[in-house]
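Listed below are the residues making up each chain.
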Amino acid sequence: MYKIMSAGPTQVSEKVRMARSLETTNPDLDEVFFDFYKDTCDILKELLHSSGDAFILGGEGILGLEAACATLTEKGDRVLVLDNGIFGKGFADFVTMYGGEAVLYTCDYRRPIDVDELRKFLEKDSDFKYATVVHCDTPSGILNDVSRICPLLAEFGILTVADSVAGMFGEYLNVDESKIDILCGGSQKALSAPAGLTMLWVSPKAMKVMENRKTPVAAFYANILNFKDYYKNMAFPYTMPISDINGIRAALENVKADKDIFQRHAKIAKATRAAVTKAGLKLYPEEGYSNTVTVVEVPEGLTDEQILMTVRNKYNVLLSGCFDVLAGKVFRIGHMGENARVEDMTETMDALDKTFSDLGYKLNCSMKDEFLAQLK
Ligand SMILES: *Cc1c(COP(=O)(O)O)cnc(C)c1O
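Not measured: the values here are computed from a predicted model.

Here is what the cut-offs are and how they apply
Residues numbered from 1 in each chain as written. Predicted model: local features only at pLDDT ≥ 70, side-chain atom pairs only at ≥ 80, totals over all residues. Heavy atoms only, no water. Near = heavy atom within 4 Å. Polar contact = N/O pair within 3.5 Å; in protein donor to acceptor, adjacent residues only side chain to side chain. Areas by Shrake-Rupley, 256 points an atom, 1.4 Å probe, with all protein chains shown as cover. Nonpolar A, V, L, I, M, F, W, Y, C, P; charged D, E, K, R; others polar. Helix = DSSP H or I, 4+ residues; strand = E, 2+ residues; numbered from the N terminus. Contact = heavy atoms within 4.5 Å. Phe/Tyr/Trp six-rings, centres within 6.5 Å; stacked < 30°, edge-to-face > 60°. Lys NZ or Arg CZ within 6 Å of the ring centre and 35° of its normal. Buried < 20%, exposed > 50% of the residue type's maximum accessible area, 1.4 Å probe, protein only. Core = buried A, V, L, I, M, F, W, Y, C linked by side-chain atoms within 4.5 Å. Pairing = 2+ DSSP bridges.

Caption draft 1: Highlighting the site of the ligand. Around the ligand sit Glu60, Gly61, Ile62, Phe87, Val134, Cys136, Thr138, Asp163, Val165, Ala166, Gln188 and Lys189, and that is every residue in its neighbourhood. Contact between the ligand and Asp163: a nitrogen atom at 2.6 Å from a side-chain N or O atom of the residue. Between the ligand and Gln188 there is a distance of 2.7 Å, counted from an oxygen atom to a side-chain nitrogen or oxygen. Here the ligand loses 84% of its free accessible area of 380 Å² to cover by the protein chains. Considered class by class, the residues forming the shell around the ligand number six nonpolar, three polar and three charged.

Next comes the structure, spelled out in structure tokens:
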């Protein structure tokens, strides 16, 4: 087994794995399961400070992004797509797929969105039904400040869809205070359950807009409205993956019990960035680093493939490369959720030290030593 230190999926605790092996019932007929599902959604609301609705859908993180766009978009709707990263830009595909007009607001991929610049743009054009923004854009490791961006959009009467699949539970997030209308999450990033579930938090305002659509939603599986009254009607739109829900419940209980989860992420991320830069490597972001993932440029003379294959095949550590415009340019260390542990990161830094040495690339110092020194 490799040590999974990729930018998601992350390692899964024994408690979560055991919960997934519990005896199962018929989730469409057993009233106990409806309460269990609802209680689990209530934990989601509590942990992210939301007074709206929360739902868990069977399907990976991408399903949540698509469901938000599918259920909000009507033909011809103008949608502002905040694009300072690969996932940020990717929202345009979901918007257009469901008949909307995606207006890209494109910024530097090495920096978070500048809120003052965005305000200037909105003062000229704010005729949008909703806007999309990514909290942590995982391919580049950029953290956008949704606690300022979403309230600004709300000020201009624009609904907000925020993707925090790779931010939530590693970075503090407050749905109500940030005025996020639809928040999208996934099971397999900092929450550290296996891949397979998406979570959605929906504000009463967004729910009303979706209910008052003039045209039907062009999707069934990705239609949030199909979940709206599941508890009242004691009916899910499709059979819930009960073992996955058991697993996510245990993962949420882990997070709930982890009182300094954000400090843990911040400390490990800071030490990682310091180790990488002191060793002479370059971080991809220039500012606005997410504490869930560190994105490092592939240095001159090496390829991402050489680094990723050596660290995996010789040292058993699985790291991420990248895709789209960053393909081949960076490698990524995912230190989120269960991965954000000193022992795992020490082993990872040691494996990278040895990998660079094997490849004949001279680092200015040992990343492992520097990482540990930073934690003192
Ligand atoms: C992982 C991730 C998703 C979900 O992608 P999957 O391919 O379903 O795992 C969405 N948004 C961001 C920012 C992510 O990091």
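Caption draft 2: How the structure looks around the environment of Val103. As for its position among the elements, Val103 is in strand S4 (residues 101–106). Each C-alpha atom of the pair Val103 and Val79 lies 5.9 Å from the other, and the pair is 24 residues apart in sequence. Setting aside its immediate chain neighbours within four residues, Val103 contacts Arg78, Val79, Leu80, Val81 and Phe128.

Caption draft 3: Spatial organisation of the packing of aromatic side chains. One pass over the structure, following the stated rule, counts 17 aromatic pairs. Between Tyr105 and Phe121, the ring centres sit 5.0 Å apart and the planes meet at 55 degrees, which makes this aromatic pair tilted. Residue Tyr105 is located in strand S4, and its partner Phe121 is located in helix H5 (residues 115–124); the two are separated by 16 residues in the primary sequence. Grouping aromatic residues by their ring pairs yields a cluster made of Phe33, Phe34, Tyr37, Phe55, Tyr221, Phe227, Tyr230, Tyr231, Phe236 and Tyr238. Above the face of the Tyr231 ring, Lys38 is positioned so that its terminal group lies 5.5 Å from the ring centre.

Caption draft 4: Examining unusual backbone geometry more closely. The omega torsion of the bond from Gly8 to Pro9 falls at -10 degrees, within 30 degrees of zero and hence cis. The topology assignment puts Pro9 in the loop between strand S1 (3–4) and helix H1 (14–19). Although it is not a glycine, Ser192 adopts a positive phi angle of roughly 65 degrees. If you trace the backbone, Ser192 turns up in the loop between strand S9 (182–186) and strand S10 (197–202). You can call Ser192 buried: its relative accessible area is 1%.

Caption draft 5: Examining the nonpolar core more closely. Counting 99 residues, the largest nonpolar core has Tyr37, Phe169 and Ile182 as its most contacted members. Those residues within four positions of Phe169 in sequence are excluded, and the remaining contacts are Leu47, Leu48, Ala190, Leu191, Met199, Leu252, Val255, Ile261, Phe262 and His265. Counting 29 residues, the second-largest nonpolar core is a separate cluster that includes Val276, Leu281, Phe356 and Phe371.

Caption draft 6: Broad picture of the pairing of S9. Burial analysis of S9 places five of its five residues in the buried class, the great majority of the element. Alternating residues of S9 divide into Ile182, Cys184 and Gly186 and Leu183 and Gly185, and every residue in both groups is buried. One ladder, built from three bridges, connects strand S8 (residues 159–163) with S9; its direction is parallel. Bridging across to S9, Ala162 finds its partner in Leu183. Here S9 runs beside S10; their pairing, made up of five bridges, is antiparallel. When the sheet's bridge partners are listed, Gly185 is paired in S10 with Met199.

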